[in-house]
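Structural overview for review
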Amino acid sequence: MAAAGDGEALRRRGCCGGGAGSVFPEESFRSWSAYGRALLETGPRLRDRATARSADATELHEVRGRSGADMKRELTWWDLIWFGIGAVIGAGIFVLTGQEAKEAAGPAVVLSYAISGVSAMLSVFCYTEFAVEIPVAGGSFAYLRVELGDFMAFIAAGNILLEYCIGGAAVARSWTSYFATLLNHHPNDFRIHAASLAEDYSRLDPIAVVVITLICLFAVVSTKGSSRFNYILSIVHVAVIGFIIVAGLTRAKASNLTADFAPFGVRGIFAASAVLFFAYIGFDAVSTMAEETKDPARDIPIGLVGAMTLTTVVYCVLAVVLCLMQPYKDIDPDAPFSVAFSATGMDWAKYIVAFGALKGMTTVLLVSAVGQARYLTHIARTHMVPPCLAQVSPRFGTPVNATVVMLAATAVIAFFTDLGILSNLLSISTLFIFMLVAVALLVRRYYVAGETTDTDRNKLAACLAVIIASSVATAAYWGLSSGGGWAAYAVTVPAWAAATLYLQWCVPKARAPKLWGVPLVPWLPAASIFINIFLLGSIDGASFARFGIWTAALLAYYFLFGLHASYDTAKALAAEADAARVEEGAPKAVAGGGN
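The text that follows walks through the structure, step by step, so that each part is easy to find. Along each chain, the written sequence defines residue order, and numbers are assigned to residues from 1. Note on the predicted model: pLDDT of at least 70 is required for a residue's local features to be given, and 80 or more for side-chain atom pairs to be given and counted; whole-chain, interface and lining totals, by contrast, use all residues. Hydrogen atoms and water are omitted, and side-chain values are computed over all heavy atoms in the structure.

**Examining helix 18 (residues 400-416)**
- In this description a helix means any DSSP run of H or I spanning at least four residues, a strand means any run of E spanning at least two, and both kinds are numbered starting from the N terminus. A helix is expected to reach a length of 1.5 Å times the quantity of its residues less one. Taking 1.5 Å per residue, 17 residues should reach 24 Å; helix 18 reaches 25 Å between its end C-alpha atoms and fits that length.
- Along helix 18, the residues that are buried comprise Ala402, Thr403, Met406, Leu407, Thr410, Ala411 and Ala414. Projected down its long axis, helix 18 carries its buried residues within an arc of 160°, all on one side.
- By definition in these notes, contact holds between two residues if any of their heavy atoms fall within 4.5 Å. Tucked into the core, helix 18 has its buried residues touching helix 9 (150-182), helix 10 (206-221) and helix 17 (349-381). Each residue is placed in one exposure class: buried if its accessible area under a 1.4 Å probe, protein chains only, is under 20% of its type's maximum, exposed if it is over 50%, and partly exposed if it falls in between. To be clear, the arc concerns the directions from the helix axis to the C-beta atoms.

**Re the side chain of Gln326**
- One can find Gln326 in the loop between helix 15 (296-325) and helix 16 (336-343).
- Two N or O atoms count as a polar contact when they lie within 3.5 Å, although within protein this holds only if one can serve as hydrogen donor and the other as acceptor, and sequence-adjacent residues are included solely when both atoms are side-chain atoms. Of the polar contacts made by the side chain of Gln326, one reaches the backbone oxygen of Asp330; its length is 3.4 Å.
- Those residues in contact with Gln326 that sit more than four places away from it in its chain are Asn256, Ile331, Pro336, Ala340 and Ala343.

**A closer look at the packing of aromatic side chains**
- Stacked, tilted and edge-to-face are the three classes assigned to paired rings of Phe, Tyr and Trp, where Trp is represented by its six-membered ring and a pair needs centres within 6.5 Å; plane angles under 30 degrees give stacked, over 60 edge-to-face, the rest tilted. Tallied over the full model, the rule gives 27 aromatic pairs.
- These aromatic residues form a ring-pair network of at least three members: Phe29, Trp32, Tyr35, Phe151, Phe154, Tyr557, Tyr558, Phe559 and Phe561.
- Only Lys NZ and Arg CZ are tested; either one counts as a charge over a ring when it is within 6 Å of the ring centre and within 35 degrees of the ring normal. Its guanidinium or amino end placed over the ring of Trp478, Arg267 lies 4.4 Å from that ring's centre, counting from NZ or CZ.

**A short note on the nonpolar core**
- Counting residues in each nonpolar core, the largest one holds 166 residues, and the members touching the most others are Phe94, Tyr113 and Tyr178.
- The biggest single contributor to this core is helix 17, with 17 residues. As used here, the term nonpolar core means buried Ala, Val, Leu, Ile, Met, Phe, Trp, Tyr and Cys residues forming a set that is joined through side-chain atoms within 4.5 Å.

**Here we look at the packing of helix 16 against helix 17**
- To get an axis, a line is fitted to the C-alpha atoms, and for a helix only the part in contact is used. The angle between two axes follows their N-to-C directions and goes from 0 to 180 degrees. Helix 17 packs onto helix 16 with a crossing angle of 170° between their chain directions and a minimal axis gap of 8 Å. In terms of axis orientation, helix 16 runs roughly antiparallel to helix 17. In contact with Phe337, Ser338, Phe341 and Ser342 of helix 16, helix 17 contributes Ala349, Lys350, Val353 and Ala354.
- In the scheme used here, Gly and all other residues not listed as nonpolar or charged are polar, with Ala, Val, Leu, Ile, Met, Phe, Trp, Tyr, Cys and Pro taken as nonpolar and Asp, Glu, Lys and Arg as charged. Residues that form the contact of helix 16 with helix 17 fall into these classes: five nonpolar, two polar and one charged. Roughly parallel means an angle under 35 degrees; roughly antiparallel, over 145; roughly perpendicular, 65 to 115; everything else is oblique.

Okay, structure coming up:
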């Protein structure tokens, strides 16, 4: 009965509790004077939140209980595999393949896809262990809150939300492009030219907004219904991909692939790999569905790893087929497969390609809508953003408010912003988050508060510092140097390997996974850190400037609002827990006194 009472208390506190349904119902926002006092305490509160770490049980029970109704557990590994395929195979392969083959890597774009695929698979392993151990809607936000604390989790959360908004916007604008191809029009025929706006923001895209609105309706009504719709579309999409591969090979010329395989060298391959990571983005949305999975320990590993394996193979095969069909210099950067079929005498096939691309992009948008809403829901449960966004509809069993807010933001970005700006900025956010998740996994395996000794904790911190610093140094040298010198790598790469080896042999593991674990720890997580940071070194400086502006805006919001709301919530919950322990201890004290 006590547990039930606690659960009801948490549900009452959940969405918009207190403050007559105000956006921020916490104590610090009850009045201007209270807010002023909170701002004066920013320093102590930041120290508290920067070091505060959540617990598995807290995320699984107390935090999840703040949404009111529970999400429905209806998904199996079959659903997750199709969600994974639907989430990933979309705009990236149909748009960016041509751009990077023509301008960055040549036929070696297949190696770029393989490198990005390896990086994504390493991240998939890390995500899978967390999703099995902490099956909640928060995904990487919840994992980082448990292992790296509230502050780092919030920085990651802001970039997660940016990733989803930008990714959805990029796919929606690509949807318009392929829709235009299907109707024998140029994409800009369906866009409104606003000459008064900057060039990269002047092509207004109303079709993208309409598509996002329809996807929002699907995502709100039912997760299981969205799953069925997704794998029906995904089956059609896979059939179209099969057609592209078979028909493309009938027009293949080996000389197109082998005559000048890597015209832009190794740098071109890695530069393309950093951009093409965009094509793998989406699998993390599947981890947010763990809360709605029937058997997380079985379904999540099969779903995530299976989907990523299939996706990587498909991408590499499609890249090979494209480069066999045309010399890389002739590949169209906007609609590569459609133009390739036209150039080889199969003009009719471009309609099948465009139809398949539209199907793929629709599933990407759908899975993205489902995933991003669940991220925002869990973030709102911690009160870092307004808690009203955490509400789960009792009727639909879905987070309606979070879905609508995220897709509204996505629609605004899609309406204005050019795809080129979106893809690079998206890759930075995603690689940064994946790197943090790998760090969090190492912390999870080697550190448990109250059990790990200070000496072992310091050893872990030193190893992580060397792993990250050597990875950053490698990426910085790669990104800034124009020559082919290898002296710096002879220092940074062995330093990374030595730190990882020391972590393996000299720091005892503090925890073993209960259900499913990443193999070859610490090597796989350390490799994930290295390759994600290294790929960041291949992204252009303008994208990093935009990333810096976004991060500054995040910090401003956090110091003004998120910090104080989450601080008040944490203290209120701690007070409730203390009161509950006192109540539970009272009968025991009486019994003890009687002896």
